[in-house]
Amino acid sequence: MKNRVKISIDGKSFTLVGEETEEHMRQVAEYIDQKMMEIRQKAVAVTLDSSLAYVLTSINVADDYFKEKAYTAELEGRLTGMTARAQELAKRLEEAEKAVEAAEAKLDEYALAMEDGMGVQLQMTSAKTKKGK
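Owing to the predicted nature of the structure, the values given are computational and were not obtained by experimental measurement.

J.: For this particular structure, what's the right way to read the packing of aromatic side chains?
T.: Ring pairs (aromatic) are described by centroid distance and by the angle formed between their planes. As enumerated under the stated definition, the model contains one aromatic pair in all. Centre to centre, the rings of tyrosine 65 and phenylalanine 66 are 5.2 Å apart; their planes meet at 75°, and the pair counts as edge-to-face. Among the residues examined, tyrosine 65 registers a relative accessible area of 47% and is labelled partly exposed.

Here is the structure:
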């Protein structure tokens, strides 16, 4: 469904038609209008030549776009690196958990062996005590 919205840029009215929401189209128009005002405030020559103002505004918007695109690419690269690091840490954690489980099993094994050894020792001590009486 196409939306229609009336907007104003540089004092001129336009009707935008598009798939985007009216709010989105208004935000875009406000952004362009703001850029146009910035351009007109910075250069006297632009106040006299509307086409120059439009071209400079377009260049400024394109500059913003390319800066954001580069920033997005940088963030995506950082995200890829962080994802790889998180996977590496998850693998190391899993290995550490397995090592802990193995150590606990070994500890249980030693504890049982000690209990068995103590039992034999207690039986021997008990037998010696009985003989000595």
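There's plenty left to go through after this.
J.: Would you mind going over the nonpolar core with me for this structure?
T.: Across soluble globular proteins, nonpolar side chains have a tendency to be buried as a group. Grouped together as the largest cluster of nonpolar side chains are five residues: Val5, Ile7, Ile9, Met25 and Ala29. Among the elements of the structure, β1 (3–9) and α1 (22–42) are those that each provide at least two residues to this core. Here this core takes three residues from β1, the largest share from any one element. When residues no more than four places from it in sequence are discounted, the contact partners of methionine 25 are Asn3, Arg4, Val5, Ile7, Leu16, Val17, Gly18 and Glu20.

J.: Help me understand the pattern of salt bridges, please; the structure alone is not making it clear to me.
T.: Any two side chains of opposite charge can pair, given that their charged atoms come close. This model, assessed by the stated rule, comprises 10 salt bridges. Ionic pairing is found between glutamate 74 and arginine 78, a salt bridge with its closest N-O pair at 3.8 Å. A residue pair is termed a helical-turn pair when its members lie 3 or 4 positions apart in one helix, as glutamate 74 and arginine 78 do in helix α3 (residues 50–132) at four residues. With a closest N to O distance of 3.1 Å, glutamate 88 and arginine 85 form a salt bridge. With a gap of three residues between them, glutamate 88 and arginine 85 both fall in helix α3, about one helical turn apart. Judged by relative accessible area, which is 39%, glutamate 88 ranks as partly exposed. With relative accessibility at 41%, the residue arginine 85 sits in the partly exposed group. Salt bridges linked by common partners bring Asp10, Lys12 and Arg40 together as one network.

J.: Just to check I follow, could you spell out the pairing of β1 for this structure?
T.: As a general feature of sheets, a regular strand has side chains that alternate between the two faces. By the alternation rule, side chains of β1 split into Asn3, Val5, Ile7 and Ile9, which are all buried, and Arg4, Lys6 and Ser8, of which none is buried. Counted between consecutive antiparallel strands, the loop separating β1 from strand β2 (residues 12–18) contains two residues, among which aspartate 10 sits at a positive phi close to 55°.

J.: Can you walk me through unusual backbone geometry in this structure?
T.: Comment: phi is negative for the bulk of residues other than glycine, and the bulk of peptide bonds are trans. A positive phi angle, near 55°, is found at aspartate 10, a position not held by glycine. Within the element layout of this structure, aspartate 10 appears in the loop between β1 and β2. Since its relative accessible area comes to 19%, aspartate 10 is described here as buried.

Analysis parameters
- Residues numbered from 1 in each chain as written.
- Predicted model: local features only at pLDDT ≥ 70, side-chain atom pairs only at ≥ 80, totals over all residues.
- Heavy atoms only, no water.
- Phe/Tyr/Trp six-rings, centres within 6.5 Å; stacked < 30°, edge-to-face > 60°.
- Buried < 20%, exposed > 50% of the residue type's maximum accessible area, 1.4 Å probe, protein only.
- Core = buried A, V, L, I, M, F, W, Y, C linked by side-chain atoms within 4.5 Å.
- Helix = DSSP H or I, 4+ residues; strand = E, 2+ residues; numbered from the N terminus.
- Contact = heavy atoms within 4.5 Å.
- Salt bridge = Lys/Arg side-chain N within 4 Å of Asp/Glu carboxyl O.
- Pairing = 2+ DSSP bridges.

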